[in-house]
Amino acid sequence: MAKKKENNPDKEKKFTHSEKTPKGKPGRKASAKPEESGEVKGPLGVGDKTRSKSGVGESDPKKDLSDKKPGRKKSSTAGNVDASSEKPKLPKPKKALPETGTPDKLETGISAEKKKPGRKKTAAPKTSSKPAKFQDPMIDDPVPHVSAPPTGEVTSPQEDDKKKPGRKAADKKTAANKRSSVKKAVSEKKSDGEKAKSEDKKPAKKMSRPKAVPGISAEEKMKLPNTSPSEDLKNTAKETAEGLKDKLTPDEKTKRDLEEKARDYIPDPEDIKGVAGSIAEKLVEGTEKAKKFVEDITPSQEEVTAAAAKVKKTIEDATTDKEKEQKSSAEKPAEATLLTDFDVHLFREGKHYHLYNKLGSHLMEYMGTKGVYFALWAPNAEKISVIGDFNNWDREAHPMSARWDHSGIWEVFIPVAKKGSLYKYFIKSNNGYEAEKGDPFAFQWETPPNTASMVWDLENTWNDNVWMKDRDSKKGKPQPMSVYEMHLGSWKRVPEDNLRSLTYLELAEQLPAYIKEMGFTHVEFMPVMEHPFFGSWGYQITGYFAPSSRFGTPQEFMQLIDSLHREGIGVILDWVPSHFPNDLHGLHYFDGTHLYEHADPRKGFHPDWQSYIFNYGRNEVRSFLISNALYWLDKFHVDGLRVDAVASMLYLDYSRKEGEWEPNEHGGRENLEAISFLKEFNEVVYKEFPDAVTIAEESTAWPMVSKPTYIGGLGFGMKWMMGWMHDTLKYFSEDPLYRRYHQNTITFSSNYAFTENFMLPLSHDEVVYGKQSILNKMPGDDWNKFANLRTLFSYMFAHPGTKLLFMGAEFGQTTEWNHDSSLEWHLTNEHQHSRIQETLKELNRLYKQEPALYEKAFSHEGFEWVDINDEENSIVSFLRKGNDPEDNILVVCNFVPVPRENYRIGVQQSGSWKEIFNSDDEKFGGSNTKNPDTINSEELPAHRQQNSISLTIPPMAAIYLKKA
C-alpha cells in the first residue's frame, strides 16, 4: 500500500485531548411521536421534536428520571475517548433523559409522572348549559404528551381541564341544578379551621427567587419554601393545551366521536315520530297551544348558527392544518429530524447498521418547504454550524442544535440548501479547538484538491434485475471466480485530453466488453471512495460514503456497475476499515478529541502509513464502519468487499518495535476489539446480503479467517493466499537450471491449501516499488519470459482456489504499474503480448467450463498429487476432481524449457485420455509441442496405479488432460 504524503497538524496536538468538564449543549424536547409508544415509522419519518432555547446544560439535583424507565441503557461511550483508567479521559456526557418524551429539565420541568397522558381529576364534576344536541365529543383515549413550545407561557391544570372536551348537560335547568350542587359541595368542604385561618390570613408572600430560573421545574418549586406553585401549574397546563391544539390530529376514536356528534344534530325517525305525536295531541286541545308548543321545541336561527359554529371549531381544533398555521419550515427549522429514539438507542449500542439513511445531509421536504437536513455526530463539540456556498461560508448563519437525548448528534434543517450545495461543518470543541470538517457521511465531495462535501442524493434506475436474481439463486453453490483487479484512474487514459483518466461513463462503455472478452467473472476496483491524495491509490480515505468525484457522480458510478452486471460480470470493492489519513478536513481529531481513532498512539497511530487506526471498541465507530460496508452493498449493488490490511488490525504489535505497543487485557498481542469488530462485520454482511462475499487480505497464519464465527472463525468468505503468491513468484524468478533445488517451494502450498477458503492473488503490490512487472520477473530471453508467464498462469488456474490477476499482467506489461499513467495498451498489437491475452482467455473459458476446476476448490477432496517428487526434471503432476469422476482433470507442469518424450503418468482407470489445454500451443505463442488427439492407457504400473499413459511433455509448459 502506498504511503500517504504527510499533512500533519501540530505534532503535539496529535495525541492530546481535553480534560475539561464539558460545557452544556443545547437541549432537545421530545414530542408525541409514535416511536415513544414503540411504533417506529421507519427511516423516512420526520420527527416533531422542538429545541430548547437554553444553550447551557445544568446538572439536575434530582435523580435522573431515565433510571425509572425499564429497559433504557446508559451510554458510556459518548464523549469518552479512552476507557482506560490510567489514561486521560474525555469528559463524560450527562445522563440521557427518558425516552418517553419528557421535556428537557431546563424548561418546564414537569416530571414524567405528572405528564402521563389521560383524563385529569377535578374537585367536582363539570357542568354545561349546552343543549344535548350540541354536546362536545367525549375523548376517552389518553392524550399523548406533547412538549411545551419554547414560549415561556404555561397554564394551570384547572384551565387545561376546562379546555378538555366533556359531556354537557341535557338542558339549562339540569345545568343550573348541577352548578348549584357543585357550589354547595365546595362550600361544605371548607372547614371551620379554614375559616379561622382566613381571619388571621396575611398577604401571600411573593416568591423569594425569580420565576425564570432555568432548570427548576414546577414540581420542584412546590417543594421549596415560600413558593406558590399555582401560577406555574396554571401556565403549564395552558401551554400543554396550546401544544395539543397545534399538534393533535384526530385518531380513529376522535373521528367516530365527531361523526356521532354530527349525527346528534340530525333528528332520528323516533324523535320525529314523537314530536309529531305531541303536536297531534296539542292540536286536539287547540291550535294556539299546538303553535306555542312547536315554537318552544324548535331552536331559533341564532341557536342553530351558534351550534354549527361550535361544531366547526371543534373539528378545526382537532384537525389543525399545520401548513395553514405555519406556512414555512423556515419559522422552526430545527424541528426536522430523521432520527427516532430507537435510532439513537441502536447507534449508542453500536448496532445501527444503516446510518447512511439518518446522518449526513439529506434532501427532504419539511412542512411544505424543500431543503436539506443535516445531522452530525460530534459529542464533544460546544458549537457547530453548517457553512457553505448557500450562506457565504458564514459560521453564524446556520448553527446546529444538539439533540436533547445527549447522543452527541447535532441537527439542523436549512431550506436554502439544495442538491449540489457545497458545505462543511464548523466545529468548536469544548476544549477550544476549532476546525472546518467535511461530512463523514457525505454522498459526494468536491474534486480534490478541493475538500468540501456536497449535498447529493442516491436516486437511480437500475437495470440489473437479471444479474441480482441470478446472484441470489446461486448463493451457497460452488462457482468459478476469476477476478480482474484494477485501478480506475490508470486503467486507460485519454492521450488527446492531457492524459486524463476515463470517467465512470466512459468506463461503462469500454470496461464490460473487455472483461467479458477476456473471460473474467468479476472485476475488483481498488478503493473508489473519495481520497485527497491520488498517490495513495485510494487507501487513504476521507469520504467513506462517496465514490471519487474525479471520475463522475455517484449515479454515474452506479451506471458503471449496472453495465458490468448486465454483461454478467460481478463487482468487488476494496474496503479500508483499518486506518484513515490525518487530513484536517477528514476524520482525524474530529470534534477536538480523538473521536474515531484511539487517543493512545500505541493503538491509534499507524507508523508505516502515518495514518490513524479506528477505535474498534467504540460502539458508534463500529456502527459507522459496518454501515459503510452495507452502504456499498445496498445502494451500489456491489457483489463483495475485499477488506484491506486485515493483519494490521489483528495484531497490536503489527509493524511496531518493543515498547511501542500495549498488550491486551490478557497480556497478548491480539487486538481483541478489532477481532470482535471483524466478526460482527461479517455476520451482519452475510445476514443482510447472503449472496455477497467478503474477502480478507490477511498475510499471516491467523487461523480460521474464512471460517464461520460460530466455530471461532472471523467469518470471511475467502482469504488471499499470500503465501502461495510469494512462493510462486519466488520460484518462477529462479533460473530454470536451479529450480530442481527449489521443488518444495512450488509444492509447499498444498500443505495448507485447504485450511482456508483461499483466493490466489497476483496483485498490485507485486508490480510496484522496484518489484518489476510480472513478465519481467521471469528469467531468460523473451521466449523464455513469455513461456514462463504462460506456465505460471496455467499452474495458477489449475491450483485449488479462486483467482485474482492485476491489470496489465493479462497481456504481459513490461513496466511496473504507475498510477499516473495508462497501461501499455500498445503492446497488445505485438504478437507475443497478444498471445498472452489469448492464453488468459482460454484459461478463463476452461475454468468456467470444467467443474473439476471449481466445484471442490476449498476441499482436499478436489485435489490429489500424482507425482511431487520429480525434482530432477522439475515436473509436477496432480489431479483436480469434481463431483463426477468423469470430470476429473490431470495436470502436468514442466518448469524447465526442455521437452520430455515418453513421460509416463499413472492413472486410476484404463481408457482413453485427450489433451484439452496446452500452454505451448502455437496459438498461445509456444513451440507447438503436442500430444496425439487420443492417448490410450496401458497396464503398466506407475505412481501407485496399475495403469499409466505415455505423454510428450512440452518445454516450459503445462498441459491439462481429461478422459475421452
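In this report, the structure presented in the accompanying data block is examined. Note that the structure is predicted; figures quoted are calculated from it, not measured.

### What about the overall build of the chain?
Piece 1. A count of helices and strands for the chain gives 23 helices and 31 strands.
Piece 2. For the chain, buried positions account for 55% of its 964 residues.
Piece 3. The contacts of the chain with a sequence gap of at least 6 include a subset with a gap of at least 24, amounting to 75%.
Piece 4. Total accessible area computed for the chain in this model is approximately 42900 Å², and 51% of it derives from carbon and sulfur atoms.

### Structural notes on a nonpolar patch on the surface
Piece 1. Among the surface-exposed residues, Leu737, Tyr738 and Tyr741 lie close enough to one another that they form a single nonpolar patch of about 370 Å² accessible area.
Piece 2. Mapped onto the elements, tyrosine 738 comes out in the loop between α19 (722–733) and α20 (743–747).

### A word on the pattern of salt bridges
Piece 1. Following the criterion strictly, the structure yields 37 salt bridges and no others.
Piece 2. Between glutamate 662 and arginine 602 there is a salt bridge, with the nearest N and O atoms lying 3.7 Å from each other. With glutamate 662 in the loop between α17 (646–650) and α18 (672–688) and arginine 602 in helix α15 (residues 601–604), the pair connects residues that are 60 residues apart, well separated along the chain.
Piece 3. Put simply, lysine 930 and aspartate 921 hold a salt bridge, and the shortest N to O gap is 2.9 Å.
Piece 4. Overall, lysine 930 belongs to the partly exposed group, its relative accessible area being 41%.
Piece 5. Members of the salt-bridge network, linked through shared partners, are Glu524, Asp574, Arg642, Asp644 and Glu697.

### Section: the sheet that holds strand β29 (residues 935–936)
Piece 1. Judged by pairing direction, the sheet is antiparallel, and its six strands sit side by side in the order β24-β25-β26-β31-β28-β29 without closing on themselves. Edge positions in the sheet fall to β24 (863–870) and β29, since each of these pairs with one other strand and no more.
Piece 2. Sheet topology note: the β24/strand β25 (residues 875–880) ladder contains five bridges and is antiparallel. Pairing of glutamate 864 across the sheet is with leucine 879, part of β25.
Piece 3. Taken strand by strand, helix α22 (residues 782–798) contacts β25, β26 (889–894), β28 (912–918) and β31 (957–963), and its axis lies near 40 degrees from that of β31.

### Some details on the pairing of strand β1 (residues 360–366)
Piece 1. The buried fraction of β1 amounts to five of the seven residues, a majority that puts the element mostly inside the structure.
Piece 2. With seven bridges joining them, β1 and strand β2 (residues 369–377) adopt antiparallel strand pairing. For methionine 364, the partnering residue across the bridge sits in β2 and is glycine 371.
Piece 3. The antiparallel pairing of β1 with β2 creates a hairpin that spans two residues between the two strands, and methionine 367 there sits at a positive phi of about 55 degrees.

The rules behind each value
- Residues numbered from 1 in each chain as written.
- Predicted model: local features only at pLDDT ≥ 70, side-chain atom pairs only at ≥ 80, totals over all residues.
- Heavy atoms only, no water.
- Helix = DSSP H or I, 4+ residues; strand = E, 2+ residues; numbered from the N terminus.
- Buried < 20%, exposed > 50% of the residue type's maximum accessible area, 1.4 Å probe, protein only.
- Contact = heavy atoms within 4.5 Å.
- Areas by Shrake-Rupley, 256 points an atom, 1.4 Å probe, with all protein chains shown as cover.
- Patch = residues over 30% accessible without salt bridge, like charges linked within 9 Å, V, L, I, M, F, W, Y side chains within 5 Å.
- Salt bridge = Lys/Arg side-chain N within 4 Å of Asp/Glu carboxyl O.
- Pairing = 2+ DSSP bridges.
- Axes fitted to C-alpha atoms, helices over the stretch in contact; angles between N-to-C directions.

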